[in-house]
Amino acid sequence: MIRKATVLDLPAVKEIYNYAVLNTTATYDINPKDDKYFVDMLNEHTGKYLLSVYEENGNVIGYVALSRYSKRDAYDITAELSVYVKNDCQNRHIGTQLIEYALQEAQKNNRFLTVVSLITSENEHSIYLHKQFGFEFGGRIKNAGFKFDRLLGVDIYYKNFR
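Okay, so let's go over this structure. (Residues numbered from 1 in each chain as written. Predicted model: local features only at pLDDT ≥ 70, side-chain atom pairs only at ≥ 80, totals over all residues. Heavy atoms only, no water.)

**Thoughts on the nonpolar core**
One broad rule of soluble globular proteins: the nonpolar side chains tend to lie buried together. Counting 24 residues, the largest nonpolar core has Leu-66, Leu-81, Ile-94, Val-115 and Phe-135 as its most contacted members. Counting residues per element, the ones that place at least two in this core are β2 (50–56), β3 (59–68), β4 (78–85), α3 (94–107), β5 (114–120) and α4 (124–132). Per-element tally for this core: the top contributor is α3, with six residues. Contact partners of Phe-135, with chain neighbours within four places excluded, come to Leu-81, Leu-103, Val-115, Ser-117, His-130, Tyr-157, Tyr-158 and Lys-159. Listed in part, the 16 residues of the second largest apolar core include Val-13, Ala-20, Met-41 and Leu-51. (Core = buried A, V, L, I, M, F, W, Y, C linked by side-chain atoms within 4.5 Å. Buried < 20%, exposed > 50% of the residue type's maximum accessible area, 1.4 Å probe, protein only. Helix = DSSP H or I, 4+ residues; strand = E, 2+ residues; numbered from the N terminus. Contact = heavy atoms within 4.5 Å.)

Shown next, in the form of structure tokens:
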């Protein structure tokens, strides 16, 4: 079941995200985030911005966010998509369902005209998944980050609804 996140979901969201921080290049954060970070995250995802969780048997095992792309007002028609799934629940199409849900929500009442994802260049699975939803390659920033003692690039993918 996919539903809007609540404060009760934040410990699970924190666990999922901090695992990615410490073990993957899916995020360029290097240090785990604290409880305040996730409370602020929940509070920032109100109105047209979205933070939803995938719940299975009472446990949150994934989440998706449509976040503010930029604080500059002209970008208000664009959202940044982020999706994370608990490590031991990978390859069950949960990410697919979360992205599908977020894209449907993004289009409701013209909430957003464009959705952007910033994906580590080596993350072939995520790139493939985004392409399945019609995201287009918008460019690559080489050497955009440094994590696990190596330089990483970031690919920009976007989907326009018009």
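**Examining the sheet that holds strand β7 (residues 150–160)**
Reading across the sheet, the seven strands line up as β1-β2-β3-β4-β5-β7-β6 and stay open at both edges, with mixed pairing between neighbours. Single-partner strands in this sheet number two, and they are β1 (2–4) and β6 (136–147). Ignoring strand direction, the axes of neighbouring strands in this sheet form an average angle of 25°. Pairing of β3 with β4, which is carried by seven bridges, proceeds in the antiparallel orientation. Note that in β4 the partner of Val-64 across the bridge is Val-83. Where helix α1 (residues 10–23) meets the sheet, it contacts β2, β3, β4 and β6, and its direction lies at approximately 75° from that of β3. Each of β1, β2, β3, β4, β5 and β7 is contacted by α3, which is oriented at about 160° to β4, the strand it contacts most. (Pairing = 2+ DSSP bridges. Axes fitted to C-alpha atoms, helices over the stretch in contact; angles between N-to-C directions.)

**A look at the packing of α1 against helix α2 (residues 35–44)**
To characterise two packed helices, one gives the angle between the axes of the helices and the distance between these axes. Their axes nearest at 10 Å, the elements α1 and α2 cross at an angle of 110°. In terms of orientation, α1 and α2 fall into the roughly perpendicular class. As for how α1 packs across α2, the hand of that crossing is right-handed. Contact residues: α1 offers Leu-10, Val-13, Lys-14, Tyr-17 and Asn-18, while α2 offers Asp-35, Phe-38, Val-39 and Leu-42. For the contact of α1 with α2, the residue count by class is six nonpolar, one polar and two charged. (Parallel < 35°, antiparallel > 145°, perpendicular 65-115°, else oblique. Left-handed = near helix turned anticlockwise from the far one by under 90°. Nonpolar A, V, L, I, M, F, W, Y, C, P; charged D, E, K, R; others polar.)

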